[in-house]
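# Fold and geometry: a report
Here is how the chains run, residue by residue.
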Amino acid sequence: MPASSVVELYLLRGHRGVSVSAHRRIVLIAIIGALVISTSAPLVRLSDVSPATSALFRCAYAIPPMLILAWLERRRLGPLPRRALIPAWLAGVVFALDLLFWHHAIDYVGAGLATVLGNLQVFIVAFAAWALFKERPSTRLMVATPVVFGGVVLISGVFDSAAYGRDPVMGVLAGIATSVVYAAFLLLMKGGSDRAAGPLAHATVVATVMIALLSPLFGGADFVPSWPAHGWLLVLALGPQVLGWSLITFSLPRQPAALTALLLLIQPMTTVALSAVALGERPSVWQLAGCAVIVLGVLYGSRRAQPALAGAEEQEEQVPKTSTV
């Protein structure tokens with residue numbers, strides 16, 4: 001949905017009394033969060049460690065600041081409700097799988113393409129909501145789905161002798177696996193609590209433990225820090241993992257779903273550009289075409305015809321609220 005029409009509808013109905021200036025701040029927070037998180041994959045590549053090692057330490061180094069943020073939130077709002085704990089713990093389990101699969105995708109097909117593939121979760125969230133909650137996806141989303149997966153085929157390099165990446169086909173498979181577990185993570189985080197720091201702190205601790213336990217199945221992790229690799233991992237933890245995810249988690253329940261889906265497109269486009277400049281990644285023309293197909297497909301599939309003001313909120317809630325890896 002075009003940003004203008006989403007914001008216009010949002011402001012007309014007042015969205016639970018949020019003022020224009022407050023809404024603009026929330027949108028700005030979401031944009032900053034998406035930009036910060038867009039550095040995740042390049043930082044993983046710059047650390048030059050195994051996928052399991054980078055996944056483990058990006059969470060482990062994030063635990064102390066996340067616990068501080070959770071403590072400050074608890075002082076302000078009180079203890080985290082018990083009903084929010086189990087979704088947060090389950091979210092930590094699937095987040096561990098998300099990072100392990102995604103960091104392998106980065107290793108196989110590069111930072112930029114892996115990030116684009118991770119955003120297939122928009123479609124998976126929508127179809128999961130259809131299966132679990134009987135929320136039928138929009139016609140646009142159903143039309144866009146086969147088109148987007150055509151873009152996935154282009155990225156895989158099946159028909160492209162100049163495809164970029166160590167193993168593009170495995171990269172696509174790891175990217176699809178990332179999207180599946182990432183969708184589960186988002187659904188759990190959305191359904192658990194409207195708080196930001198507390199659930200994310202719980203999920204981060206659980207994810208760290210799970211990655212350590214699962215690492216032998218994903219190539220193994222090096223538990224001994226080394227320099228400068230862990231300098232990059234520390235930046236990854238404090239930047240995208242703590243700052244970026246805190247901003248995204250704060251903004252998710254406070255803005256329209258369709259606007260969130262629009263803003264998430266900032267990340268893959270920015271990551272592809274950063275990877276080209278900082279890492280020298282040069283996807284082939286067909287792979288870049290696949291990126292364009294996926295991004296435009298997500299944009300088209302997330303767009304809904306503007307509903308009448310009566311019942312607008314109920315229609316909008318069916319659009320999958322999504323974020324970034």
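Description of the structure in this document.

Conventions we followed
Every chain's residues receive numbers from 1 upward, in the order its sequence appears when written. A pLDDT threshold of at least 70 governs which residues receive local features in this predicted model, and a stricter bar of 80 or more applies before side-chain atom pairs are shown or counted, although totals over entire chains, interfaces and linings include all residues. Note that the side-chain values use all heavy atoms of the structure and ignore hydrogens as well as water. Secondary structure elements follow DSSP: runs of H or I of four or more residues count as helices, runs of E of two or more count as strands, with numbering from the N terminus. Exposure categories follow from relative accessible area, calculated using a 1.4 Å probe and restricted to protein chains: below 20% of the type maximum is buried, above 50% is exposed, and the middle band is partly exposed. Residues count as neighbours in contact if any of their non-hydrogen atoms are within 4.5 Å of one another. Note that accessible areas follow from Shrake-Rupley with a 1.4 Å probe, and for residues the cover is restricted to the protein chains shown. The residues that make up patches have over 30% relative accessible area and no salt bridge, and they are joined within 9 Å when like-charged or within 5 Å when they are Val, Leu, Ile, Met, Phe, Trp or Tyr. What counts as a salt bridge is simple: a side-chain nitrogen of Lys or Arg found within 4 Å of a carboxyl oxygen of Asp or Glu.

### Quick notes on the overall build of the protein
- Each helix and strand in the protein was counted, giving 16 helices and 0 strands.
- Every one of the 325 residues in the protein was classed for burial, and the buried ones make up 54%.
- In the protein, the share of contacts with a sequence separation of at least 24, taken over all contacts with a separation of at least 6, comes to 88%.
- With an accessible surface of roughly 13,900 Å², the protein has 70% of that area assigned to carbon and sulfur atoms.

### Some thoughts on the environment of Gly33
- Residue placement: Gly33 occurs in helix 2 (residues 20-37).
- When the C-alpha atoms of Gly33 and Ile266 are compared, they prove to be 9.9 Å apart, with 233 residues separating the residues in sequence.
- Here Gly33 is in contact with Gly244, Leu247 and Ile248, once residues within four sequence places are set aside.

### Some words on a nonpolar patch on the surface
- Together, Val153, Val158, Phe159, Val169, Met170 and Leu173 make up an exposed nonpolar region whose accessible area comes to about 570 Å².
- Looking at the nonpolar patch, the element that brings in the most residues is helix 10 (residues 168-192), giving 3 residues.
- Following the sequence through the fold, Val158 ends up in the loop between helix 9 (139-156) and helix 10.

### Overview of the pattern of salt bridges
- Using the criterion set out here, one finds 2 salt bridges in the structure.
- The salt bridge partner of Glu281 is Arg45, with a shortest N-O separation of 2.7 Å. Taken together, the residues Glu281 in the loop between helix 14 (266-278) and helix 15 (285-302) and Arg45 in helix 3 (residues 40-47) connect sequence positions 236 residues apart.
- By relative accessible area, which is 3% here, Glu281 ends up buried.

### Things to note about the side chain of Ser284
- For Ser284, the location among the structural elements is in the loop between helix 14 and helix 15.
- Non-local contacts of Ser284, meaning those with residues more than four positions away in its chain, are made with Asp160, Ala162, Ala163 and Tyr164.

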